[in-house]
Amino acid sequence: MSARHLDPTGERHGGMPTWAWGTAPAGLATRDQLRRRGLRPARGQQVVAQLEWASSKARRSGGIRTSNLYRLDEAVPVGPFTPGRARGLAAAMRVRRTCPTCRTEQAYCISTRLGECASCVAGPNPEVDR
Ligand SMILES: [Zn+2]
């Protein structure tokens, strides 16, 4: 580990606090590290620091690689089974299944080509009309 990558005040990195590999404070994590904990950065979550390390594969950038660091306590769980994601998905599906003409939620998605449900396309039906 080289001290040249360590710059917690960001003095030499345009104000971005920079930590050498393995020195980042607990509570900060890269996107990959968040992923391993089942987390991801929240929408609009700010990058608070960066990790910097020497890499022979990164010759074009002077042999240095960096990775954004995020606060763990601001990250959100990944996966389709969070209640928020499930609610969002259900709401989106309800909109796609609801006919804009008769306002009835159908068992299928309304065709974007037809723009309304099958009964509306077929015309008024006295049996359904109340
Ligand atoms: Zn309809």
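(A) Representation of the domain arrangement of the protein chain within the structure. Segmentation of the protein chain into domains returns domain 1 (3-77) and domain 2 (83-121). The C-alpha-based centres of domain 1 and domain 2 are spaced at 43 Å.

(B) Structural view of the environment of Trp-19. In this structure, Trp-19 sits in strand E1 (residues 18-20). Using a relative accessible area of 18% as the deciding quantity, one classes Trp-19 as buried. Considered as a pair, Trp-19 and Ala-122 are 103 residues apart in the sequence and their alpha carbons are 66 Å apart. Excluding residues within four positions of it along the chain, Trp-19 makes contact with His-5, Leu-6, Pro-8, Ala-24, Pro-25, Leu-28, Ala-49, Gln-50, Leu-51, Glu-52 and Leu-69.

(C) Looking closely at the sheet that holds E1. Here 4 strands make up an open sheet; going across it, the order is E1-E4-E5-E2 and the pairing mixed. In this open sheet, the two strands that pair with only one neighbour each are E1 and strand E2 (28-29). As judged from the 6 bridges shared by strand E4 (residues 49-54) and strand E5 (residues 64-71), these two strands associate in the antiparallel manner. The residue of E5 that forms the bridge with Glu-52 is Thr-66.

(D) The coordination of the zinc ion, seen in detail. The protein atoms that coordinate the zinc ion are Cys-99 (SG), Cys-102 (SG), Cys-117 (SG) and Cys-120 (SG), at distances of 2.2 to 2.3 Å. For the zinc ion, the 4 donor atoms are set out with angles of 105 to 113° between them, so the coordination reads as tetrahedral. Mapping the donors of the zinc ion onto the primary sequence gives the spacing C-x2-C-x14-C-x2-C. Taken together, the positions of Cys-102 in the loop between helix H2 (83-97) and helix H3 (118-122) and Cys-117 in the loop between H2 and H3 put the pair 15 residues apart, joining distant regions of the chain. Note on Cys-102: relative accessible area 33%, which makes it partly exposed.

(E) Expanded view of the pairing of E4. Of all 6 residues in E4, 5 are buried, a share of seventy percent or more. Relative to E4, E1 runs parallel, the two sharing 3 bridges. Counted as the bridge partner of Thr-18 is Gln-50 from E4.

(F) Quick look at the confidence of the model for the protein chain. Of the residues in the protein chain, 92% have a pLDDT of 70 or more, and the chain-wide mean is 87. Looking at the elements of the protein chain, mean pLDDT is at its lowest for H2, recorded as 84, and at its highest for E2, recorded as 95.

(G) Geometry of the pattern of salt bridges. Here the structure, examined in full by the defined rule, presents 3 salt bridges. Among the ionic pairs, Arg-71 bridges to Asp-73, the shortest N-O distance being 2.7 Å. Residue class for Arg-71 comes out partly exposed when judged on its relative accessible area of 34%. Under the relative-accessibility criterion, Asp-73 is labelled exposed at 59%. Linking Arg-97 and Glu-105 is a salt bridge whose minimum nitrogen-to-oxygen distance equals 2.8 Å.

(H) Focus on the pairing of E5. Bridge count for E2 against E5 is 2 bridges, and the pairing is antiparallel. For Ala-29, the partnering residue across the bridge sits in E5 and is Tyr-70.

Definitions and limits used
- Residues numbered from 1 in each chain as written.
- Predicted model: local features only at pLDDT ≥ 70, side-chain atom pairs only at ≥ 80, totals over all residues.
- Heavy atoms only, no water.
- Domains from an automatic or database assignment.
- Helix = DSSP H or I, 4+ residues; strand = E, 2+ residues; numbered from the N terminus.
- Buried < 20%, exposed > 50% of the residue type's maximum accessible area, 1.4 Å probe, protein only.
- Contact = heavy atoms within 4.5 Å.
- Pairing = 2+ DSSP bridges.
- Donors = N, O, S within 2.8 Å, 3.2 Å for Na, K, Ca; no water.
- Tetrahedral: all angles 85-135°; square planar, octahedral: opposite > 155°, others 65-115°.
- pLDDT = per-residue confidence, 0-100.
- Salt bridge = Lys/Arg side-chain N within 4 Å of Asp/Glu carboxyl O.

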